[in-house]
Amino acid sequence: MSSIDVLDARRRLVDVGLCGDQSAEPTALLLDDLFDQALTGYVHQTTLDGLVDQWRAERAEIAAQQAQFLADIRLEINEFRQAADARERERDERERERDERERQRDERERQRDAKWEERERNRDARDARMRNWVMGVVGLGFAATTLVVGLLVAFG
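Report on the accompanying structure.

Rules of the game
- Residues numbered from 1 in each chain as written.
- Predicted model: local features only at pLDDT ≥ 70, side-chain atom pairs only at ≥ 80, totals over all residues.
- Heavy atoms only, no water.
- Buried < 20%, exposed > 50% of the residue type's maximum accessible area, 1.4 Å probe, protein only.
- Helix = DSSP H or I, 4+ residues; strand = E, 2+ residues; numbered from the N terminus.
- Arc of directions from axis to C-beta.
- Salt bridge = Lys/Arg side-chain N within 4 Å of Asp/Glu carboxyl O.
- Patch = residues over 30% accessible without salt bridge, like charges linked within 9 Å, V, L, I, M, F, W, Y side chains within 5 Å.
- Areas by Shrake-Rupley, 256 points an atom, 1.4 Å probe, with all protein chains shown as cover.
- Core = buried A, V, L, I, M, F, W, Y, C linked by side-chain atoms within 4.5 Å.

## With respect to helix 1 (residues 6-16)
Step number 1: Within the sequence span of helix 1, burial applies to Val 6, Ala 9 and Leu 13. Along helix 1, the residues classed as buried sweep out an arc of 60° about the axis, all on the same side. Projecting away from the buried face of helix 1 at angles above 90 degrees are the exposed residues Leu 7, Arg 12 and Asp 15.
Step number 2: Among the residues trailing helix 1, Gly 17 stands out with phi positive, at a value near 95°.

Put into structure tokens, the structure is as follows:
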């Protein structure tokens, strides 16, 4: 591909008087070829440096995006952990409250059972005293009857 306009370069070489009409076209082609050779290395180097710079800039942008993505993930993980820790603390607190309620219920049942057992003991003791009293009264009645019968038989 031509870097310069060969026909325009030919016309200008003739107009300026550097070449005759017959040698102007080969001179213009030579100038175009020299210009292409000179620019090819420069363009290649400039293009390569540009591509490398562009690649570095894109890579830096991608690295920044990746770093931001990782930071966002870490933030979400930390938030998830905090939420999980909060749920675990709430669950532990509920379990403690439930255990405390169960302990209180067990204590109330134990006290109720203790009161019931004491009432049973008191009732058994009262019943035993009543039996002893009844037996004593019956014994006294029997002894009194025996004494009266004995006195009646003896004094008759």
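## Some points on the environment of Asp 33
Step number 1: When you line up the elements, Asp 33 lands in helix 2 (residues 21-155).
Step number 2: Given the relative accessible area of 39%, Asp 33 is considered partly exposed.
Step number 3: Sequence separation between Asp 33 and Leu 70 is 37 residues; the distance between their C-alpha atoms is 53 Å.

## Looking at the environment of Ala 143
Step number 1: Note that Ala 143 resides in helix 2.
Step number 2: Note: C-alpha distance between Ala 143 and Asp 53 (90 residues apart in sequence) is 130 Å.

## Side note on the pattern of salt bridges
Step number 1: The tally for this structure, following the rule as stated, stands at 10 salt bridges.
Step number 2: Linking Glu 102 and Arg 98 is a salt bridge whose minimum nitrogen-to-oxygen distance equals 4.0 Å. Residue Glu 102 and its partner Arg 98 are both found in helix 2; the two are separated by 4 residues, about one turn of the helix.
Step number 3: Accessibility expressed as a relative area gives 31% for Glu 102, which makes it partly exposed.
Step number 4: For Glu 109, the salt bridge is made with Arg 105, and the minimal N-O distance between the two is 3.7 Å.

## Some words on a nonpolar patch on the surface
Step number 1: Taken together, Met 130, Trp 133, Val 134, Val 137 and Val 138 make up a surface patch of nonpolar side chains, about 490 Å² in accessible area.
Step number 2: On the secondary structure map, Met 130 appears in helix 2.

## Some remarks on the nonpolar core
Step number 1: The biggest cluster of nonpolar side chains holds 6 residues, and these are Val 6, Ala 9, Leu 13, Cys 19, Ala 24 and Ala 28.
Step number 2: The element that contributes the greatest number of residues to this core is helix 1, accounting for 3 residues.

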